[in-house]
Amino acid sequence: MNKVIHKSKWFVFGILSSLIGLYPIIYFLIDRHFGLLSSKSEVLLNDQLWNINFYGHITLGGIALLVGWTQFSPKLRKRNIKLHRNIGRIYIVTALISSICGIYIAQFATGGISNIIGFTLSGVVWLLTTVLAYNSVIKGNIQLHQKFMIYSYAVCFSAVTLRICLPLLTSVAGNFSTAYLIVGWLSWVPNLFVAYYLINRNKQKLVKSI
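Residues numbered from 1 in each chain as written. Predicted model: local features only at pLDDT ≥ 70, side-chain atom pairs only at ≥ 80, totals over all residues. Heavy atoms only, no water.

**Observations concerning the overall build of the protein chain**
Along the protein chain, the regular secondary structure elements total 11 helices and 0 strands. Walking the protein chain from its N terminus toward its C terminus, one meets helices and strands in the order α-α-α-α-α-α-α-α-α-α-α. Against the 2.2 N^0.38 benchmark of 17 Å for 210 residues, the protein chain shows a C-alpha radius of gyration of 18 Å, consistent with a compact globule. Counting every position in the protein chain, which comprises 210 residues, the buried fraction comes to 38%. Long-range contacts, defined here as pairs at least 24 residues apart, represent 69% of the contacts in the protein chain between residues at least 6 apart. As displayed, the protein chain offers around 12,300 Å² of accessible surface, 70% of which is attributable to carbon and sulfur atoms. (Helix = DSSP H or I, 4+ residues; strand = E, 2+ residues; numbered from the N terminus. Rg over C-alpha atoms; globule rule 2.2 N^0.38 Å. Buried < 20%, exposed > 50% of the residue type's maximum accessible area, 1.4 Å probe, protein only. Contact = heavy atoms within 4.5 Å. Areas by Shrake-Rupley, 256 points an atom, 1.4 Å probe, with all protein chains shown as cover.)

**Things to note about the packing of helix H7 (residues 113-138) against helix H8 (residues 142-156)**
Interaxial distance between H7 and H8 falls to 8 Å at its minimum, and their mutual angle equals 155 degrees. The angle between the axes of H7 and H8 places the two elements in the roughly antiparallel class. In the crossing of H7 with H8, the sense of the turn from one axis to the other is left-handed. Contact with H7, carried on its side by Ser122, Val125, Trp126, Thr129, Thr130, Leu132, Ala133, Ser136 and Val137, involves Ile142, Leu144, His145, Phe148, Met149, Tyr151, Ser152, Val155 and Cys156 of H8 and no other residues of that element. When grouped by side-chain class, the residues that make up the contact of H7 with H8 number 12 nonpolar, 6 polar and no charged. (Axes fitted to C-alpha atoms, helices over the stretch in contact; angles between N-to-C directions. Parallel < 35°, antiparallel > 145°, perpendicular 65-115°, else oblique. Left-handed = near helix turned anticlockwise from the far one by under 90°. Nonpolar A, V, L, I, M, F, W, Y, C, P; charged D, E, K, R; others polar.)

**Some points on the packing of helix H4 (residues 48-68) against helix H6 (residues 81-106)**
Helices that pack against each other are described as a pair by the angle of their axes relative to one another and the distance between those axes. Interaxial distance between H4 and H6 falls to 7 Å at its minimum, and their mutual angle equals 145 degrees. As H4 packs across H6, the resulting crossing turns out to be left-handed. Together, Leu49, Trp50, Asn53, Phe54, Gly56, His57, Leu60, Gly61, Ile63, Ala64, Val67 and Gly68 of H4 and Ile87, Ile90, Tyr91, Thr94, Ala95, Ile97, Ser98, Cys101, Gly102, Tyr104 and Ile105 of H6 make up the contact between the two elements. Looking at the contact of H4 with H6 residue by residue, the classes come out as 15 nonpolar, 8 polar and no charged.

**As for the confidence of the model for the protein chain**
Any region with low pLDDT has predicted coordinates that should not be read closely. Looking at the protein chain, pLDDT values average 89 and 92% of them are 70 or higher. Within the protein chain, H7 carries the highest mean pLDDT (97), whereas helix H11 (residues 189-209) carries the lowest (76). Scored below 50 in pLDDT, residues 1-5 shows 0 contacts in the model against residues more than four places distant or in partner chains. Segment residues 206-210 is flagged for pLDDT under 50; beyond a separation of four residues in sequence, or across chains, it makes 1 contact in the model. (pLDDT = per-residue confidence, 0-100.)

**Quick notes on the packing of aromatic side chains**
Counted under the stated rule, the structure contains 17 aromatic pairs. Seen from their ring centres, tryptophan 10 and tryptophan 69 are 5.5 Å apart, and the 55 degrees between their planes marks the pair as tilted. A residue pair is termed long-range when its members are at least 10 positions apart, and tryptophan 10 in helix H1 (residues 2-22) and tryptophan 69 in the loop between H4 and helix H5 (74-79) qualify at 59 residues. In this structure an aromatic cluster arises from ring pairing among Trp10, Phe13, Trp69, Phe72, Tyr91, Tyr153 and Phe157. Just above the ring of phenylalanine 148 sits the side chain of lysine 147; from NZ or CZ to the centre is 5.9 Å. (Phe/Tyr/Trp six-rings, centres within 6.5 Å; stacked < 30°, edge-to-face > 60°. Lys NZ or Arg CZ within 6 Å of the ring centre and 35° of its normal.)

**Looking at H8**
With 15 residues, H8 ought to run about 21 Å at 1.5 Å a step, and its terminal C-alpha atoms sit 20 Å apart, in line with that. Taken together, the buried positions of H8 are occupied by His145, Phe148, Met149, Ile150, Tyr151, Ser152, Tyr153, Ala154, Val155 and Cys156. (Expected span 1.5 Å × (residues − 1).)

**A short note on a nonpolar patch on the surface**
A cluster of nonpolar side chains, namely Leu22, Ile25, Phe28, Leu29 and Ile30, defines an oily patch on the protein surface of about 510 Å² accessible area. Relative to the helices and strands, isoleucine 30 resides in the loop between helix H2 (26-29) and helix H3 (42-45). (Patch = residues over 30% accessible without salt bridge, like charges linked within 9 Å, V, L, I, M, F, W, Y side chains within 5 Å. Salt bridge = Lys/Arg side-chain N within 4 Å of Asp/Glu carboxyl O.)

**Digging into helix H10 (residues 176-186)**
What sets the pattern is the α-helix's 3.6 residues per turn: residues three or four places apart point alike. Every buried residue of H10 is accounted for by Ala179, Tyr180, Val183 and Gly184. Taken end-on, H10 shows its buried residues confined to a sector of 145 degrees, consistent with a single buried face. Of the surrounding secondary structure, the elements contacted by the buried residues of H10 are H7 and helix H9 (158-173). (Arc of directions from axis to C-beta.)

What follows is the structure in structure tokens.
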């Protein structure tokens, strides 16, 4: 029974990561006023630097989300460590660039100062945890690498939690503006607590097995 539940959770995790990872494609196929872009001014939408960072953030962030979840599969690491490392390199590069782009576009976040701070911090945390994950694996500290990778992907996964929470909050709050102010923090901060729980749960399992 536990194995079935575990497989179900893993399946949902992979499906959500993959679907939202592919979600940015929509921005290249339909009207520019789709989604969050509808809340942006024409001046901003025509700003070249903002566009470079926006599309860099959603495209590379989508790739990071799309490939990153596979890195948590023990079977993949055991069966094909070379593939695991190559996917890891893709994740690191895309996450680093996407987080930097995200920090820039956060300065123009819808919702004012609260969301500017919220989304900027999420970008900074994503950037730092990814850098620390890379540095630790380079130094051969695999356990620390895994820890920071969990935190890094937890922030990356905010793309999923944002799209789950936003329509629910909009329904409860009655308007998009209030919901978006909340989701600027709710989309990523709880993810870090979940990551902390998972890391410490794994530590406890390791202690029990010794």
